[in-house]
Amino acid sequence: MALIQAYIRIVDAMNEWIGKISCFLLIPLTAITAFEVIMRYVFSRPTIWAWDLNIQVFAAIVMLGGGYTLLKDAHVSMDIVVLYLDRKKKAILWILSCPFLIIAGLVLLFGGWKLAYASWTAREMMPTIWAPPYYTMKMLVPIGGLLVLMQGISSLFKNILTLTAEMKR
């Protein structure tokens, strides 16, 4: 039991920290977009790099924020189904749906690693004029998959603990 609670604490704290740090990537994302808009529409001098860099920064926000979003229970859900359920029924529903999350996390982790590794060994570049490295962005997929997978297991443990606590009542 102590090991499970330690896992929950560590994974929750890690995703909390990574999520809060990655939210600061919105600042360069906004700055790059504003710079590109000014260069394009005020000076008629669009850049060749802004869109590519925005894609990479946004990919980092999405992939690094997946575990944090799961931690905060902020992923899209069918509120009409979940809204009126008590804690026990929500825990049961979460436990039943958890295998799908684990499969998705494993696909992102292992499938993403396979693609990222191939991209890394080939030193793949984005197929654009600026052509920045593609492999750095692709490495975010297995990292994000691992974060979501770890957080999913943490949430599974929390729901099992909730369910067992409700059963003891």
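What this report covers is the structure whose coordinates are included nearby. (Residues numbered from 1 in each chain as written. Predicted model: local features only at pLDDT ≥ 70, side-chain atom pairs only at ≥ 80, totals over all residues. Heavy atoms only, no water.)

### A few points about unusual backbone geometry
Next, step 1: Even without being glycine, D73 reaches a positive phi, approximately 55°.
Next, step 2: Mapped onto the secondary structure, D73 falls in the loop between α3 (50-71) and α4 (79-82).
Next, step 3: Look at R123: it is not a glycine, yet its phi comes out positive at around 50°.
Next, step 4: Within the secondary structure, R123 sits in the loop between α5 (87-122) and α6 (135-168). (Helix = DSSP H or I, 4+ residues; strand = E, 2+ residues; numbered from the N terminus.)

### What to know about the packing of helix α1 (residues 2-22) against α3
Next, step 1: Relative orientation of the contacting elements α1 and α3 amounts to 135°, with a least axis distance of 8 Å. As summarised for this structure, α1 and α3 are arranged oblique, according to the angle between their axes. Seen along the crossing, α1 lies across α3 with a hand that is left-handed. Contacts between α1 and α3 pair D12, N15, E16, I18, G19, K20 and S22 from the former with I61, L64, G65, G67, Y68 and L71 from the latter.
Next, step 2: Split into classes, the residues belonging to the contact of α1 with α3 amount to five nonpolar, five polar and three charged. (Axes fitted to C-alpha atoms, helices over the stretch in contact; angles between N-to-C directions. Parallel < 35°, antiparallel > 145°, perpendicular 65-115°, else oblique. Left-handed = near helix turned anticlockwise from the far one by under 90°. Contact = heavy atoms within 4.5 Å. Nonpolar A, V, L, I, M, F, W, Y, C, P; charged D, E, K, R; others polar.)

### Describing the layout of surface pockets
Gaps left between atoms are located by rolling a probe of water-molecule size over the structure's atoms.
Next, step 1: Space inside the largest pocket adds up to approximately 780 Å³.
Next, step 2: Forming the boundary of the largest pocket are 23 residues, of which D73, S77, V82, W94 and S97 lie nearest the centre.
Next, step 3: In terms of residues, the lining of the largest pocket owes the most to one element, α5, which gives seven residues.
Next, step 4: The residue inventory of the lining of the largest pocket, partitioned by class, reads 13 nonpolar, six polar and four charged. (1 Å grid on protein atoms, 1.4 Å probe; cavity = no way out; pocket = protein on both sides within 12 Å on 5 of 7 lines; lining within 4 Å. Points joined across faces, edges and corners; volume = space filled by probe spheres on them.)

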